[in-house]
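Topology and contacts: notes
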Amino acid sequence: MSLSRSRTSRVIAGAATALAVLTACGGGGDAADSAAGKPVTITFWGWAKGSKDVVDAFNASHTDIKVTFEEIPSGNAGGYAKISNAVKAGNAPDLVSIEYPSLPEFVSSGALQEIGDVFPDSARAGLLPQAVELTTLGGKTWAVPFDAAPQALYYRKDLFAKHGIEVPTTWDAFRKAAEQVKKADAKARIATFFPDDPTTFEAMAWQAGAQWFKAENDTWKIDTTDPATAKVTAYWQGLLDAGLVHKNASFSPEWTGSLKNGTTLAYLGASWGAGVLKGTLPEQAGKWAVAPMPSWDGKPASGMLGGSTFAVPKNSTKKAAAVEFATWMATTEAGVKARIASGTSSAFPAATALRPTAKKAFDASFYGGQDIYALFEAAGASITEQWSWGPTTGTTNTAIKDRFGAVAPGGPTLADAVKAGHDATVAELTKRGLKVEG
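If you're wondering where the values come from, they're calculated on a predicted model, not measured in any experiment. (Residues numbered from 1 in each chain as written. Predicted model: local features only at pLDDT ≥ 70, side-chain atom pairs only at ≥ 80, totals over all residues. Heavy atoms only, no water.)

Looking now at the side chain of T392. Secondary-structure assignment places T392 in the loop between α16 (372–381) and α17 (393–404). The exposure class assigned to T392 is buried, which follows from its relative accessible area of 0%. Once you skip the residues sitting within four places of it in the chain, T392 turns out to touch E105, T425, E428, L429 and R432. (Helix = DSSP H or I, 4+ residues; strand = E, 2+ residues; numbered from the N terminus. Buried < 20%, exposed > 50% of the residue type's maximum accessible area, 1.4 Å probe, protein only. Contact = heavy atoms within 4.5 Å.)

What follows is the structure, given as structure tokens:
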């Protein structure tokens, strides 16, 4: 990844002014972190693959802190709502997983504690600078970055070979490959459009050069209908109208079933998707490969699809212990190895020095021994620089998601859905009393 540090800093500074809420919240009393002679017990909510394995490894190797883990739905599938409701009710856990896109919204709502006083400078120094910047708002540290998530194309190399399909390097070639797949097998499609997951669409808009959220001085500039987004929207509308891709919810039984029976030949995902496929389709070991995302001009380009951090809700009185555990997960060989050796995670660490550890821990036999981490490194380096996240991602994505699901021939379009996201974002920012243009 190669985000401009000065650009990001300007955006963050502008965001801090526009939000006007980025002050430390809640307790985190260190006294509560040290019960005399007894380990501190903290609760952790997350959903990422390998999370339980990491907790088990930590508990087996530490006596001063014990972690109780609860698996919750992924953020956009209900996890964020659960966290928000728990914070409001005053019974949130001590540590939660939050993806980069959603962090500003949690911060702006006052749901999190600032952690800069307990997050060691030595640990921060070893992290990808832009990951640190994405977790630094208003000059304060709000989360421990864990991974980055460049895009990748996963494909059934055996079925591509069977149908004589070349791995596409451009979006034009991807459409031609989609036509070949449908012609070769009337029930098969090259990939799936996820109506329930705006983040996948946003990553493709990011890749194309879109910039939805921009903070300048005290004003938010919102534009989800810029030329880059319009290009991506029209492209995917064309694939849907021509019946060249499936339309199923992400990770649904329908999507999984189509992978199992070979009627979906590829998956447009992120670096963490390698572990998802491996864990979902163990019987297809050796049949899958990974390639760079297609781009508009054939040159390397990527957005970032997700990427996770660890944050402390404002209600917690065990901030120091929670951050110590989060730091261990994100910045130690033991933490990264425990997650990836589980066999279901292909996390691409924000701690750059730990990427060789991740590569070594990941059993790549599912991908025929391919060096997928080398591909992730190249994809990460190609992430375009212009994108930043706004403080109302939940509002934006809910509006888009609700309308993506209704897209149908002769009915609502993807462009309608994206425009609805724009309008909902402007309305929400205005409701919060913030200056907005768009």
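That shown, we press on.
Across the five residues of strand β13 (residues 266–270), five count as buried, placing the element largely inside the fold. When strand β8 (residues 151–156) meets β13, the two strands line up antiparallel, connected through five bridges. The residue bridging A152 from the neighbouring strand is G269, located in β13. (Pairing = 2+ DSSP bridges.)

Take the packing of helix α9 (residues 198–208) against α17 next. Interhelical geometry of α9 versus α17 gives an angle of 105 degrees and a closest axis separation of 10 Å. Considering their axes alone, α9 and α17 lie roughly perpendicular with respect to each other. Only N397, I400, K401 and F404 of α17 make contact with α9, whose side of the interface consists of P198, T199, F201 and E202. Of the residues belonging to the contact of α9 with α17, the class tally is four nonpolar, two polar and two charged. (Axes fitted to C-alpha atoms, helices over the stretch in contact; angles between N-to-C directions. Parallel < 35°, antiparallel > 145°, perpendicular 65-115°, else oblique. Nonpolar A, V, L, I, M, F, W, Y, C, P; charged D, E, K, R; others polar.)

What follows is about the packing of aromatic side chains. Per the counting criterion, the structure on display carries 41 aromatic pairs. Between F44 and F325, the aromatic rings sit 5.6 Å apart at their centres with planes inclined by 75 degrees, giving edge-to-face as the arrangement. Of this pair, F44 sits in strand β1 (residues 40–46) while F325 sits in helix α13 (residues 319–331), and the two are 281 residues apart along the sequence. We classify F44 as buried; its relative accessible area is 0%. Between the aromatic rings of F251 and W255, the centroid separation amounts to 5.2 Å while the plane-to-plane angle is 90 degrees, which identifies the pairing as edge-to-face. Judged by relative accessible area, F251 falls into the partly exposed class, the value being 39%. Members of the aromatic cluster, each reached through a chain of ring pairs, are Y154, F194, F251, W255, Y267, W272, F348, F362, F366, Y367, Y373 and F376. (Phe/Tyr/Trp six-rings, centres within 6.5 Å; stacked < 30°, edge-to-face > 60°.)

This paragraph deals with the environment of I400. Structurally, the position occupied by I400 is in helix α17. Along the backbone, I400 and K419 are 19 residues apart, and their C-alpha atoms lie at a distance of 8.1 Å.

Looking only at α16, the buried set comprises I372, Y373, L375, F376, A379 and G380. Along α16, the residues classed as buried sweep out an arc of 150 degrees about the axis, all on the same side. Along its buried surface, α16 packs onto β8, α12 (273–280), β14 (288–291), α14 (333–340), β16 (348–349) and α15 (355–361). (Arc of directions from axis to C-beta.)

Counting residues in each nonpolar core, the largest one holds 115 residues, and the members touching the most others are Y154, F174, I190, W236, L277, Y367 and F376. Broken down by element, the residue count for this core peaks at eight residues, all from α13. Not counting the four nearest positions on each side in its chain, Y367 is found in contact with Y154, K157, G273, A274, L277, K278, W288, A289, V290, F362 and I372. W45, A86, F106 and L137 belong to the second largest nonpolar core, which has 19 residues in total. (Core = buried A, V, L, I, M, F, W, Y, C linked by side-chain atoms within 4.5 Å.)

Ordered by their spatial adjacency, three strands build an open sheet running β10-β11-β17, and the pairing between neighbours is mixed. Both edges of this open sheet fall to β10 (213–216) and β17 (435–437), since each of them pairs with a single strand only. Here the strands of the sheet are splayed against their neighbours by 25 degrees on average, with no regard to which way each runs. Inspection of the sheet shows strand β11 (residues 219–222) paired to β17 by three bridges, in the parallel sense. Counterpart to K221 in the pairing with β17 is E437.

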